[in-house]
Each structure stands twice: as C-alpha cells, then as structure tokens.
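The chain contents come next:
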Amino acid sequence: MAEDPVPQHTSSLGAGPWNGAAHPDRDRLLELVVELAVVHGKVTLSSGREADWYIDLRRLTLHHEGAPLVGRVMRQLTRDLAYEAVGGLTLGADPVATAMLHAAADGEGFLDAFVVRKQGKAHGLQRRIEGPDVAGRPVLAVEDTSTTGDSVLQAVEALHEAGAEVVAVAVIVDRGARAAVEAAGLEYRAAFELSDLGLG
C-alpha cells in the first residue's frame, strides 16, 4: 500500500504565539468558553477528582461559532511551531484538530489531522492512529482540556510508537496538566488558564 505523500512545506504561521497585540478571536473565544462550556455544580472528573464545576468544551468545539474560533486561536497559539499534522486521543481532541485543519485551509495552506484511538483496531488495517500517515512527520498533540495530562500523554506515546515527531502539546484550557506534560519533556501551551475563566 502506498504511503501518503508528505508535503515539502511547513504549516507554521510564522513568528510567536501571543505577542501583546489585540486578539479579537481569542477574546470572543473566551466569552464563549465561559458562556457555553463552564458548568457549575459538583461533578467527578475523568481523573477521579471531584470539582464544584466542570468544563464541557464539546459544547464549544462543536458549536457553529465556537469551532471556527477554536481553529484560529489554536493556530495563533502555535504559529511559531512547525508541524504538518495535528490530533490527539479521541474524543476530546477530534473537533480541536479538525477545526485547526479548516483554519489552516482558510489561511496559509495545509494541515493534516489525525485521530488516536484509545486501543488499536482488531480488524481492517488495525491502525491505532487514523488519518494520513504520521511516521517521520512533525506533529502537534492537542486536547480540549486536561487536568492530569493522561489522555494527551497516551496520544504522545502512540505517536512516538508510530514514528512521529511530537513538537509540542496544546490545549484550549489548562486545568492543571502543565507540570505532568512538561515533566515528560514536552513543550506545553494553553490558550487559557483557569484564572482566565474566573476559576483559578
């Protein structure tokens, strides 16, 4: 089976993530995160921890206005990084990656997306990473939000096993995973901290 062709040009947008200039996309996205995704009330997180609030970013990443903003803001956040594909562990990462793919197509050129399964398939091609081949390519691992870093680090492990070069990890909202991701030797970027949402 022929491998997917690897484009010879970078998908990077250029210099710097946030440079102090006004970012209307980021400002509007923050409004939507607070309006749509922050849910108050006692919940048990996937990490097993209890919290008095929950951030349901799928209410944002699958929203008609939110999704395009997510794509643009995450591209702006990582504009100084050179990567050719983006994705992470299904399900939280999937709409983030596809939003970034579309933002790239509307802007400066190409960006592939991929989906990392929680387990490899037992049939078909038995691939754990779906989409264009990532072997030998610089990739960005993403997640919508992360508390412990476990999900995105599972994705990173699968990407390394597939031969990808993970240039960084990026999330929309950091809920506390920075230390774990950086301890794994990875650069970590977040569009928003909990303090931006009035939760820190």
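The numbers attached to residues start from 1 for each chain and follow its sequence in the written order. With the structure being a predicted model, the display of local features is reserved for residues of pLDDT at least 70 and the display and counting of side-chain atom pairs for 80 or more, all residues being used for whole-chain, interface and lining totals. Side-chain numbers come from the whole structure's heavy atoms, not from hydrogens or water.

A. Representation of the overall build of the protein chain. Helix and strand counts for the protein chain stand at 6 helices and 8 strands. Labels follow the DSSP assignment, with helices taken as runs of H or I lasting at least four residues and strands as runs of E lasting at least two, numbered in each case from the N terminus. Starting at the N terminus and ending at the C terminus, the protein chain contains elements arranged as α-β-β-α-α-β-α-β-β-β-α-β-α-β. When the 200 residues of the protein chain are sorted by exposure, 46% land in the buried category. A sequence separation of at least 24 residues applies to 70% of the contacts in the protein chain between residues at least 6 apart. Accessible surface is estimated by sampling points in the Shrake-Rupley manner with a 1.4 Å probe; for residues, cover comes only from the protein chains shown. Carbon and sulfur atoms form 50% of the exposed surface of the protein chain, whose accessible area is close to 9500 Å². Whether a residue is buried, partly exposed or exposed follows from its accessible area with a 1.4 Å probe, protein chains only, as a fraction of its type maximum: under 20%, in between, or over 50%, in that order. Between two residues, a contact is recorded if the distance between any of their heavy atoms is within 4.5 Å.

B. Structural view of the environment of T61. For T61, the location among the structural elements is in helix 2 (residues 58-61). Residue T61 is classed as buried on the basis of its relative accessible area, which comes to 3%. As a C-alpha pair, T61 and G71 span 10 residues in sequence and 9.0 Å in three-dimensional space. What T61 contacts, discounting residues up to four positions off in sequence, is A67, V70, P95, V96 and I172.

C. Molecular detail of the pattern of salt bridges. Salt bridge criterion: a side-chain nitrogen from Lys or Arg within 4 Å of a carboxyl oxygen from Asp or Glu. Within this structure, the stated rule accounts for 14 salt bridges. One salt bridge connects R137 with E84, and the closest N-O pair in it is separated by 3.0 Å. With R137 in the loop between strand 5 (129-130) and strand 6 (138-146) and E84 in the loop between helix 3 (66-77) and strand 3 (85-89), this pair connects stretches of sequence that are 53 residues apart. Just as R137 is buried, E84 falls in that class too. For R178, the salt bridge goes to E193, with nearest N and O atoms at 3.0 Å. Of this pair, R178 sits in helix 6 (residues 178-183) while E193 sits in strand 8 (residues 188-193), and the two are 15 residues apart along the sequence. Judged by relative accessible area, E193 falls into the partly exposed class, the value being 27%. One salt-bridge network, in which partners are shared between bridges, spans R28, E31 and E65.

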